[in-house]
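# Chain and residue survey
Residue-level listing of the chains:
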Amino acid sequence: MIPTAAGPDGQPRCQWCLATDRYIHYHDHEWGFPVADDRRLFEKISLEAFQSGLSWYTILVKREHFRAAFAQFDFHQVAQFGAADVQRLLQDAGIVRHRGKIEAVIHNAARAVEMVAQEGSLAAFFWRYRPTTPSDGTVLQAHTTQSQALAKALKQRGWKFVGPTTAYAFMQSMGMVNDHAPECVTRAAVEAMQQNFQLPR
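Analysis parameters
Residues numbered from 1 in each chain as written. Predicted model: local features only at pLDDT ≥ 70, side-chain atom pairs only at ≥ 80, totals over all residues. Heavy atoms only, no water. Helix = DSSP H or I, 4+ residues; strand = E, 2+ residues; numbered from the N terminus. Buried < 20%, exposed > 50% of the residue type's maximum accessible area, 1.4 Å probe, protein only. Axes fitted to C-alpha atoms, helices over the stretch in contact; angles between N-to-C directions. Parallel < 35°, antiparallel > 145°, perpendicular 65-115°, else oblique. Left-handed = near helix turned anticlockwise from the far one by under 90°. Contact = heavy atoms within 4.5 Å. Nonpolar A, V, L, I, M, F, W, Y, C, P; charged D, E, K, R; others polar. Phe/Tyr/Trp six-rings, centres within 6.5 Å; stacked < 30°, edge-to-face > 60°. Lys NZ or Arg CZ within 6 Å of the ring centre and 35° of its normal. Salt bridge = Lys/Arg side-chain N within 4 Å of Asp/Glu carboxyl O.

The protein has the name DNA-3-methyladenine glycosylase I in an unreviewed UniProt entry, where Comamonas jiangduensis is given as its organism.

In C-alpha cells form, the structure reads like this:
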C-alpha cells in the first residue's frame, strides 16, 4: 500500500508530499487533476523531462523561472528558439542548465506544432493513452504498458527525452491516472474530476 500520514491539517495524505509545503500544495491542487490545455500539457511534459535524474522539488522551486525562460511554454514560440536561445538558457541559473534537455524541449516544441496540425491538439493525442482500468492507488509504478506505448508513439514522432518512466510521471501529473493513496484526502476530489472530464476530440 502507498503510505499515508497526517498533514498539517490532520487529514491523511500521500506520505511523499509531506516533506514541504510546496509539495503539499502541488499534491492537493495539481497532481492527478485532469488537464486538457495544450500549453499546460507541453509545460508538464517538458518539466518531467527536466526532472529526469533530479528531485521533483528542484523542478517545482524553479518552475516560475522555467516558465519565464521558455515563453510560458507556448510551444509555437519555443519552436522558433535558435542557437542564441540555447546559449541564453545555458547561462540562466534559474533553470536546470542541461544542454541536452534544453535542446530537447526546443526540438519537442516543433514536434508539438506538428502534432497539433495532424491531430487537432496535443490533448486529443495524449488522452488516447488513458488506461482503460483506473489505478486503485495501492501501488506507485515507475512505468506501465500505457506509458510504454505513449513513449514509443512520441519517439516515432521524433520527440526526445520522453521514455516510459517520464511518460508515466507525465500521465500522473496531467491527471490521466489517479495514484493518490486510497486513504488520501485528495483522492476523491481527483476521482470526481476525472469522472466528469470530457475527453478531448
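### Here we look at the overall build of the protein
Counting its regular elements, the protein contains 10 helices and two strands. Listing the helices and strands of the protein from first to last along the sequence gives β-β-α-α-α-α-α-α-α-α-α-α. Reported as C-alpha extents along the three principal axes, the dimensions of the protein are approximately 50 × 35 × 25 Å. Taking all 201 residues of the protein together, the buried fraction comes to 49%.

### Quick look at the packing of helix 2 (residues 38-51) against helix 6 (residues 99-119)
At a minimum axis separation of 10 Å, helix 2 and helix 6 run at an interaxial angle of 150 degrees. Judged on the interaxial angle alone, helix 6 and helix 2 are roughly antiparallel. In the packing of helix 2 onto helix 6, the handedness of the crossing is right-handed. Between helix 2, through Asp-38, Phe-42, Ser-46, Ala-49, Phe-50 and Gln-51, and helix 6, the contact on the second element is made entirely by Lys-101, Ile-102, Val-105, Asn-108, Ala-109, Ala-112 and Val-116. Partitioned by chemical class, the residues of the contact of helix 2 with helix 6 number eight nonpolar, three polar and two charged.

### Structural notes on the environment of Phe-125
Residue placement: Phe-125 occurs in helix 7 (residues 122-126). A C-alpha to C-alpha distance of 10.0 Å links Phe-125 and Leu-154, two positions 29 residues apart in sequence. Setting aside chain neighbours within four positions, we find Phe-125 in contact with Met-115, Glu-119, Leu-150, Ala-153, Leu-154 and Arg-157.

### Here's the deal with the packing of aromatic side chains
One pass over the structure, following the stated rule, counts 15 aromatic pairs. The interplanar angle of 55 degrees and the centroid separation of 5.5 Å between the aromatic rings of Phe-125 and Tyr-129 together place this pair among those described as tilted. With respect to burial, Phe-125 and Tyr-129 carry one shared label: buried. Relative to Phe-197, the ring of Trp-127 lies with its centre 4.4 Å away and its plane at 35 degrees, an arrangement referred to as tilted. Placement of Trp-127 in the loop between helix 7 and helix 8 (145-156) and of Phe-197 in the segment after helix 10 (187-196) is noted, with a sequence separation of 70 residues between them. In this pair, the class of Trp-127 matches that of Phe-197, namely buried. By way of ring pairs, the aromatic residues Phe-42, Phe-50, Phe-66, Phe-70, Phe-73, Phe-75 and Phe-81 are connected into one cluster. When the ring centre of Phe-81 is taken as reference, the NZ or CZ atom of Arg-88 above it lies at 5.3 Å.

### A short note on the pattern of salt bridges
Tallied over the entire structure, the rule returns 12 salt bridges. The shortest N-O distance in the salt bridge between Arg-13 and Asp-28 comes to 2.9 Å. On the criterion of sequence distance, the pair formed by Arg-13 in strand 2 (residues 12-14) and Asp-28 in helix 1 (residues 21-29) is long-range, its members being 15 residues apart. Take Arg-13: its relative accessible area is 6%, and that puts it in the buried class. Note that Arg-67 and Glu-43 form a salt bridge whose closest N and O atoms lie 2.9 Å from each other. With Arg-67 in helix 3 (residues 56-69) and Glu-43 in helix 2, this residue pair connects regions lying 24 residues apart in the sequence.

### Details of unusual backbone geometry
Even without a glycine there, the phi angle at Gln-72 is positive, about 60 degrees. Topologically, Gln-72 is positioned in the loop between helix 3 and helix 4 (75-78). We note that Phe-73 has phi near 60 degrees; this positive angle belongs to a residue other than glycine. On the secondary structure map, Phe-73 appears in the loop between helix 3 and helix 4. Taking relative accessible area as the criterion, Phe-73 reaches 0% and is therefore assigned buried.

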